[in-house]
Amino acid sequence: MTVTESYALDQGTLPTLPSLHDCTITGMALEEGWITLRFEEEDLGRHDAIRCDRPQAKAVTVRYHLLSPGEYTFTRWHRGIRWLQPGGHYREIEKPDPGQLVATGLEYLYCHVAYCSVIISLYSRKYREVYLHAAVDRVEYRWREG
């Protein structure tokens, strides 16, 4: 059974989006004005972030509709050399290949929601902390339950 939930980010009130904390991303696509993240696990519903709402979930596809094509960036935290530059700064990852990002073991950590904007925190074994900043007006969750 498939259930679709849609959330508008261009309305007067912001929605509370379902959290997929610590779930592994199995697919990512950047196409035709959408950013798509796929999560597929036999026991996806066992994750504490999903267990209460969708205990029978086997997969979920999250689609972010961009306000205009290409209006997104991937950044990562770059630590400075301790004795020369304390702290660090964010660097943009130049339009990475989604397949390469997923191949590095990409995990979804959390999402900040604002009016027509999301910042998604991801963890990658290659880049460590990765942030996806996108101007979006709609988010769709397609749950597959078994």
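These numbers come from a predicted model, not from an experiment.

A. Spotlight on the overall build of the protein chain. Within the protein chain one finds 2 helices and 11 strands. Ordering the α and β elements of the protein chain from the N terminus gives β-β-β-β-α-β-β-β-α-β-β-β-β. Since a compact globule built from 146 residues should have a radius of gyration of about 15 Å, the 16 Å found for the protein chain is in line with a globular shape. Viewed in the frame of its principal axes, the protein chain has a C-alpha envelope of about 55 × 35 × 25 Å. For the protein chain, with 146 residues in total, the buried portion stands at 42%. The contacts in the protein chain between residues at least 6 apart in sequence include a share of 58% that link residues at least 24 apart. On the protein chain, roughly 8,200 Å² of surface is accessible, and the fraction owed to carbon and sulfur atoms is 48%. Averaging the locations of the 17 positively and 20 negatively charged side chains of the protein chain gives two centres separated by 6 Å.

Procedures and definitions
Residues numbered from 1 in each chain as written. Predicted model: local features only at pLDDT ≥ 70, side-chain atom pairs only at ≥ 80, totals over all residues. Heavy atoms only, no water. Helix = DSSP H or I, 4+ residues; strand = E, 2+ residues; numbered from the N terminus. Rg over C-alpha atoms; globule rule 2.2 N^0.38 Å. Buried < 20%, exposed > 50% of the residue type's maximum accessible area, 1.4 Å probe, protein only. Contact = heavy atoms within 4.5 Å. Areas by Shrake-Rupley, 256 points an atom, 1.4 Å probe, with all protein chains shown as cover. Lys, Arg positive; Asp, Glu negative; His and termini not counted. Charge placed at Lys NZ, Arg CZ, Asp CG, Glu CD.

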